Every structure is written in C-alpha cells, then in structure tokens.
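Listed here are the chains, written in short residue letters.
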Amino acid sequence: MSLVPRISHGILSLAIQTKEELYKAFMPFVTNGGLFIPTPRAYQLGEEVFMLLSLMDEPDKLPVTGKVIWVTPRVAQGGRVPGIGIQLSPDDNTLVRKVETYLAGSLNSGRRTNSM
C-alpha cells in the first residue's frame, strides 16, 4: 500500500490516489464505516483521531474524525503494515457516501451470496 500519512501538530494527512488504495483502506464492516491508516505513530484504543483526507480527484481535503478501534504495531508479525483502524464519526456520513460512490459495487464483489 503506498499510502503515506504525514503527522503535523497531531493531525494526520492522508492522500488516497487510486480506487485500489481506497478499497484497501475502507472498512465497510465497521459501524459508521472505517478507515485503515498506515502510520508508525503509537496510538491507544479509543483515542480520538483527526485527519485531513485527500480523496482521489476531490479538489478539497475532507476533514475526518474517528476513534481508534485497532492498532497494528510496528513490530507486527507477517509483514503487516503498521497503522490504525478508525471508526468514523456518525457525523461523517458524507464521506462514507463518497467512498461508496467511488467503489460502486466493488464492496460486494468479493462476497459470496446465497442463491436459494
């Protein structure tokens, strides 16, 4: 994953430039939606996070708030990328709609369906 956040005064800045990066970062299974943010910085579960997100061809950065719901540490086994998973604030419905529009159908493409 080529996402590289910058940390400035406690604010993360993340640029997602491709649909593939967005698909890997978005977590539709999390209530209110969520994002995986690769970062070597240490966070605690439940910690509030504020981020400015550059989303592909959006002209303006989108402010994103959320809570840390998991942490992948720098010393994670299996070569996993260090970072955090955040649950988006319920106020970020606009972001979730934009993400779902960009991914249009990709979110369900890998899931099995029962056809009985």
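Now for a look at the structure at hand. Not measured: the values here are computed from a predicted model.

**Observations concerning the side chain of Thr72**
- Residue placement: Thr72 occurs in strand S6 (residues 62-72).
- The buried category is assigned to Thr72, whose relative accessible area is 10%.
- Side-chain polar atoms of Thr72 contact the side chain of Trp70, separated by 3.3 Å.
- Contacts of Thr72, omitting those with residues within four sequence positions, involve Phe36, Arg80, Val81, Pro82 and Gly83.

**Some points on the environment of Gln87**
- For Gln87, the location among the structural elements is in strand S7 (residues 83-88).
- Judged by its relative accessible area of 24%, Gln87 falls in the partly exposed class.
- Gln87 sits 38 residues away from Val49 along the chain, and the two C-alpha atoms are 9.6 Å apart.
- Each residue touching Gln87, except ones within four places of it in the same chain, is listed here: Val30, Thr31, Asn32, Gly33, Gly34, Thr65, Gly66, Lys67 and Ile69.
- At 3.0 Å, the side chain of Gln87 and the backbone oxygen of Thr31 are in polar contact.

**Let's talk about the pattern of salt bridges**
- Scanning all chains against the criterion turns up 3 salt bridges.
- Between Lys24 and Glu20 there is a salt bridge whose closest N-O contact spans 3.2 Å. Pair noted here: Lys24 and Glu20 are both in helix H1 (residues 19-25), with a separation of 4 residues, about one helical turn.
- The exposure class assigned to Lys24 is partly exposed, which follows from its relative accessible area of 46%.
- Judged by its relative accessible area of 51%, Glu20 falls in the exposed class.
- The salt bridge partner of Lys67 is Glu48, with a shortest N-O separation of 3.9 Å. Here Lys67 is found in strand S6, whereas its partner Glu48 is found in strand S5 (residues 48-55), with 19 residues between them in sequence.

Rules used in this analysis
- Each chain has its residues counted from 1, following the order in which its sequence is written.
- Restriction of local features to residues with pLDDT of at least 70 applies here, the model being predicted, together with a cutoff of 80 or more for giving and counting side-chain atom pairs; totals for whole chains, interfaces and linings are based on all residues.
- Side-chain metrics in this entry use all non-hydrogen atoms of the structure; hydrogen atoms and water are not considered.
- Numbering of helices and strands runs from the N terminus; a helix is a DSSP stretch of H or I covering at least four residues, while a strand is a stretch of E covering at least two.
- When accessible area is computed with a 1.4 Å probe and restricted to protein chains, residues below 20% of their type maximum are described as buried, those above 50% as exposed, and intermediate ones as partly exposed.
- Think of a polar contact as two N or O atoms within 3.5 Å of one another; within protein, one of them needs to be a possible hydrogen donor and the other a possible acceptor, and neighboring residues in sequence only count if both atoms come from side chains.
- The contact rule is simple, with two residues in contact once any of their heavy atoms fall within 4.5 Å.
- Salt bridges are defined by distance alone: a side-chain nitrogen of Lys or Arg within 4 Å of a carboxyl oxygen of Asp or Glu.

Worth remembering: the numbers are spatial, not functional.
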